[in-house]
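Close look at the chain arrangement
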Amino acid sequence: MSGQSNRLPSGGLIDRTRVISFTFDGRTYSGHPGDTLASALIASGIHLVGRSFKYHRPRGIYSSGSEEPSALVTLGEGGRTEPNIPATMVEIFDGLVARSQNRWPSLSFDLMAVNSLLKPFFPAGFYYKTFMWPRSFWYRLYEPAIRRAAGLGTVAELPDPDSYEHAHAHCDVLIVGAGPAGLMAAQAAARAGARVVLADERAVAGGHLAGESIEIDGRQCADWAQDLYAELSELENVRLLPRTSVFGRYDGLTFGAIERVSDHIGADTPNLPRQRRWTIQAKQLICAAGAIERPLVFEGNDRPGVMLARAARNYLNQYGALPGRNVVVAANNDDAYLTARDFVDAGADVTVIDGRPQEIVTGSALLADGVDVRFEQCIAQARGKMHVSSVRLASVDGTGESEIGLPCDLVCVSGGWNPTIHLLSHCGGRPRWNERIASFTMGKLENDVQAVGGAAGTFDLQKSLHEGVAAGVSAAKACGAKPSRTVTAPSVDKLPSYGVQALWRALDSVSKSGAAFVDFQNDVTVADLEVAEREGFGHSEHAKRYTTLGMATDQGKLANVNAIGILSELLGTPIAETGTTTYRPLYTPAALGTLAGQRQGHEFRATRHSAMHAWHEKNGAVFTDAGLWLRPYYYPREGEDFAAAVKREVLNVRSAVGMVDVSTLGKIELKGPDAGTFLDRLYINSFSKMKVGRARYGVMLREDGMVFDDGTVTRLAEDHYFVTVTTANASPVMQHMEFCHQVHWPELDVQFCSVSEAWAAMAVAGPKARDTLERIVQGIDLSNEAFPLQSVANAKIGDAFVRVFRISFSGELAYELYTPANCGLGVWEAIMEAGAQDGISAYGTEAMTVMRTEKGHVAGPELDGRTTADDLSLGRMMSERKDYIGRWLAARSGLVGEGRIQLVGIKPVNVGDRFRMGAHLVNAPGAIGPDVSHGHVTTSVYSPACDHFIGLALLKNGRNRIGERIFVASPLHQEIVEVEVTHPVFVDERGERMRG
Amino acid sequence: MQIPCPWCGLRPLDEFAYGGDATKKRPTGKRQADTSAWVDYVYIHDNPAGRHREYWQHVGGCRSWIVITRDTTNHAISKAELAPPDSRGGRR
């Protein structure tokens with residue numbers, strides 16, 4: 001195990017009494033509770049943690065937060081492998097396994113680093129310009145090779161064994177960020193009585209205060225923050241969400257967040273999800289998300305050992321980890337002087353390079369005499385191979401001699417601060433350039449949204465605390481709370497003012513802009529921006545797409561504003577005119593598993609089973625999806641394949657008797673004196689005059705005149721109807737009926753209700769269907785005279801109530817039986833037993849499809865939303881004596897006449913041929929193209945009755961073309977089959993069987 | 001996003017189904033010659049940037065059809081009411 005050579009003996013929020021061991025690239029290291037992977041590596045003297053995306057340059061730890069662009073690692077093993085995780089956000093635990101990425105064979109010796117030597121040949125747009133021809137090579141050769149060379153970590157190819165969940169929270173006030181302003185806002189809002197959610201992406205509360213050496217109310221600020229956080233945790237009206245990244249704001253103050261529930265504990269958490277996705281509904285938002293420090297842009301600014309200034313003192317103060325002893329602090333603002341002071345206090349040698357003139361600098365007062373501070377200078381170049389070893393200085397205006405070789409092992413940079421305004425602009429708010437802080441802040445916010453502290457561009461700690469209190473009180477008041485106990489902000493030591501002066505890049509003429517990085521994660525340099533500007537892509541939205549700047553997993557948190565500043569210099573336009581890019585969710589990357597939550601595998605969506613499902617399973621059914629339903633597709637017997645099973649099932653119905661589960665049909669009951677009138681207006685045919693005890697096929701149209709749905713309408717009593725609709729349309733038809741009743745015809749006295757789940761349903765079909773049912777159905781005479789086609793009556797099977805309908809989809813003598821769902825299985829089994837001597841067998845949806853096709857009955861493939869009733873030969877049903885939905889538009893000129901596609905049957909001229917659903921109908925075998933199609937095949941099945949394939953088709957002017965020979969073409973499969981156009985009914989054309 | 005159902009109060013978006021433009025009046029004409037009025041009702045819809053009236057149904061709740069006035073540029077809902085009858089309807 002390697003020792004913690006850079007760990008200070010005391011200080012910070014870590015527990016030195018316990019030691020945690022973990023591995024990085026196979027080597028074992030140690031740290032303490034409270035450490036992140038990054039802080040533990042720094043304490044162990046490790047800076048090199050990764051290789052860059054494109055040039056494979058060595059990269060170190062650059063920040064201490066979620067904005068980290070460089071220190072991305074792969075965590076875990078096997079199915080738990082997770083790539084591209086910032087080491088700065090990983091809390092270590094015993095047994096943690098981390099690996100570096102994008103290197104081979106090893107991190108310190110990476111062969112692909114040769115890319116770095118070829119860098120002059122890889123400017124922005126290089127791939128697109130170079131690997132253009134031949135075109136086919138792009139997919140086969142260039143792209144795979146480029147993808148291998150570039151990139152980050154690799155995803156696991158095994159299933160993820162962890163569990164995830166979704167949760168919802170509602171609150172009055174959501175506060176994002178538990179830094180100084182957020183904590184004060186939470187305290188003020190909570191004490192006023194508001195329901196508060198306080199979310200922060202880090203494990204430790206306090207925001208930057210966790211890593212500062214500042215006194216608040218006479219105490220160390222980190223302690224002050226911990227105590228306040230503990231106080232909030234005691235309050236019933238406060239929900240604290242640590243380790244929770246609020247990744248997006250959606251319309252109406254709805255927020256998405258991800259909580260890392262057990263990532264910091266390790267794998268041994270069987271009762272906890274790994275992560276939890278929150279949907280948070282708030283009435284008020286207080287954005288206290290802080291600000292992100294900007295890098296400085298100079299040659300070699302990506303070397304390991306170059307680090308953001310506040311991150312460096314964060315490692316020092318929060319973790320007692322010393323990232324360097326010979327320190328250069330380079331800055332354009334006063335905040336960085338706190339870093340210089342803290343490193344001097346820790347015993348380091350410090351030199352400060354300040355780009356500003358001495359007269360406006362206030363931070364230097366923090367430093368003891370004798371600390372070397374140089375004004376109006378900047379770093380032009382950082383040198384060193386695997387680690388920074390020296391910096392070369394230059395004057396900020398690019399004039400004068402540059403100074404060579406200031407030795408160092410840590411370069412702390414601060415180019416100013418960018419308010420974290422992402423959440424504030426997710427719903428369309430545009431950021432505005434703010435000259436005072438040389439960055440973007442939001443313009444006017446909505447009434448129920450406030451920004452405080454760094455997120456509002458307030459970089460004064462005392463002022464941030466006051467803003468937090470004020471925002472908390474006003475948000476609580478807006479939610480109806482009446483603050484009684486006042487909260488006052490504590491007092492803070494006087495700190496230097498911010499005093500930033502923009503410094504977008506080193507202008508020194510000697511250094512190479514091709515190694516001055518703007519976007520570390522996507523390896524975008526100043527030179528790339530120069531190319532973009534030169535080629536006319538200088539607007540920030542163009543440059544982003546031209547160079548890929550800001551498009552990596554960190555979404556340009558560090559890069560975007562610097563890029564806009566540099567582009568504005570290159571273009572010679574003010575920043576306000578250079579444009580900003582648009583912030584979109586997700587603020588931080590999310591694991592797909594977390595977004596999916598519980599909805600994985602079988603739980604991806606609900607599964608619906610009919611009441612007879614257990615029987616189907618027991619009897620070997622192969623199931624098919626019908627919407628959410630699982631329906632028996634066919635019931636293969638020993639040695640049977642699909643075709644053999646379906647053929648047997650069909651022949652059994654045609655020769656004896658079969659039974660099919662039709663419980664999935666949508667079922668609606670209607671009652672009321674106007675129920676018949678209501679149905680008359682919905683369907684093309686009439687039901688108000690239908691006799692009680694009768695059932696009839698019905699068709700309904702949409703307003704545009706196309707067929708919407710079909711089914712059976714039954715009159716059970718004078719004012720009581722029962723309607724079935726197709727499985728797929730059960731829900732849309734119900735919505736349609738409700739719309740028609742509530743909006744079009746509220747004056748109709750009718751009530752209706754979906755009863756789809758209340759009834760199990762089965763069809764018993766075949767010449768022996770009556771024999772079977774007569775044995776067990778009690779209470780009705782099933783003879784043809786007493787119970788002819790289209791009859792309906794109530795009866796009993798055993799103790800079960802059944803409603804018996806004499807209707808037929810198969811074309812055979814058939815009955816549909818509806819029974820309360822809890823009786824479904826019993827009734828089904830009773831019929832199976834009663835029919836045993838008739839040779840009854842169950843049949844699935846495929847046999848049903850074969851038989852309805854043999855009978856020319858239309859179903860889903862024909863009711864495709866583009867067909868009229870007349871197209872489907874149902875035009876005769878369209879009543880002339882009443883008004884109904886779709887009547888007038890069905891009669892418009894484009895939907896009638898010879899040009900329409902019409903339902904026909906087709907059969908192959910050579911009986912052995914088969915054809916596909918979806919294939920086109922053409923006049924000549926060679927005809928291919930958009931204009932030659934005369935229609936298409938909607939259904940294609942093997943017909944046992946005909947002993948060859950048959951199909952239904954929609955053919956232009958088809959009814960006048962019966963007997964013609966045409967061709968079915970599927971160019972994709974290189975198939976051409978000659979077919980004869982037929983009448984769509986192939987079996988029992990006169991319908992004698994179903995009436996028998 | 002939440003939608004204020006007049007019966008159920010503020011409810012999440014996923015309980016609702018969108019039902020289209022609510023600014024149109026269903027024609028009452030009953031002659032072939034009225035086809036153009038029907039075409040207008042079914043096909044010709046404004047797509048305003050700003051306030052729009054549209055039908056929604058609270059399918060995961062009371063199943064009421066409601067009319068919402070929504071600003072299409074920021075999804076702010078300024079009004080929600082039970083869907084009023086769109087015509088005087090037919091005979092009783």
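Below, the structure is looked at part by part. As the structure is a prediction and not an experimental result, all values here were calculated from the model. (Residues numbered from 1 in each chain as written. Chains lettered and ligands numbered in written order. Predicted model: local features only at pLDDT ≥ 70, side-chain atom pairs only at ≥ 80, totals over all residues. Heavy atoms only, no water.)

What follows covers a negative patch on the surface. A cluster of acidic residues, Asp771, Glu774, Asp781 and Glu785 of chain A, forms a negative patch on the protein surface. Locating aspartate 771 of chain A in the fold gives a position in helix H20 (residues 769-774). (Patch = residues over 30% accessible without salt bridge, like charges linked within 9 Å, V, L, I, M, F, W, Y side chains within 5 Å. Areas by Shrake-Rupley, 256 points an atom, 1.4 Å probe, with all protein chains shown as cover. Salt bridge = Lys/Arg side-chain N within 4 Å of Asp/Glu carboxyl O. Lys, Arg positive; Asp, Glu negative; His and termini not counted. Charge placed at Lys NZ, Arg CZ, Asp CG, Glu CD. Helix = DSSP H or I, 4+ residues; strand = E, 2+ residues; numbered from the N terminus.)

A few words now on the interface of chain A and chain B. Facing the 27 residues of chain A at the interface are 32 residues of chain B. Overall, the association of chain A and chain B removes approximately 2,600 Å² of surface from exposure, summing both partners, and the carbon and sulfur fraction of that is 51%. Taken together, the connections running from chain A to chain B amount to two salt bridges. Across the pair arginine 26 of chain B and glutamate 703 of chain A runs a salt bridge, and its minimum N-O distance is 2.5 Å. Here chain A is connected to chain B by 13 residue pairs in polar contact (both at pLDDT 80 or more). Secondary-structure elements contributing two or more residues to the side of chain A that touches chain B are helix H18 (675-682), helix H19 (730-744) and helix H23 (887-890) of chain A. Counting residues per element, the side of chain A that touches chain B draws most heavily on H19 of chain A, which supplies seven residues. (Contact = heavy atoms within 4.5 Å. Buried area = accessible area lost by both parts, 1.4 Å probe. Polar contact = N/O pair within 3.5 Å; in protein donor to acceptor, adjacent residues only side chain to side chain.)

What follows covers unusual backbone geometry. Glycine aside, the phi torsion of most residues is negative, and most peptide linkages are trans. Omega for the peptide link from proline 585 of chain A to leucine 586 of chain A comes to 5 degrees, which places this bond in the cis form. Along the polypeptide, leucine 586 of chain A turns up in the loop between helix H14 (575-578) and helix H15 (592-596). Positive phi, close to 50 degrees, is recorded for aspartate 988 of chain A, a residue that is not glycine. Checked against the element boundaries, aspartate 988 of chain A lands in the loop between strand E50 (975-982) and helix H24 (992-995). With phi around 65 degrees, histidine 75 of chain B is a residue other than glycine that occupies positive phi space. Inspection of the secondary structure puts histidine 75 of chain B in the loop between strand E5 (65-71) and strand E6 (77-82).

Looking now at the nonpolar core. Residues and elements named next belong to chain A. Core analysis: the biggest nonpolar cluster contains 78 residues, and Leu37, Leu41, Phe343 and Val391 have the highest contact counts within it. Three or more residues apiece are contributed to this core by two domains, here domain 1 (20-115) and domain 3 (295-417 + 497-575). When sequence neighbours within four positions are dropped, the list of residues in contact with leucine 41 reads Phe22, Phe24, Tyr29, Ile46, Val49 and Ile61. (Core = buried A, V, L, I, M, F, W, Y, C linked by side-chain atoms within 4.5 Å. Buried < 20%, exposed > 50% of the residue type's maximum accessible area, 1.4 Å probe, protein only. Domains from an automatic or database assignment.)

Everything listed here is a matter of coordinates, which is why it stays silent on function.
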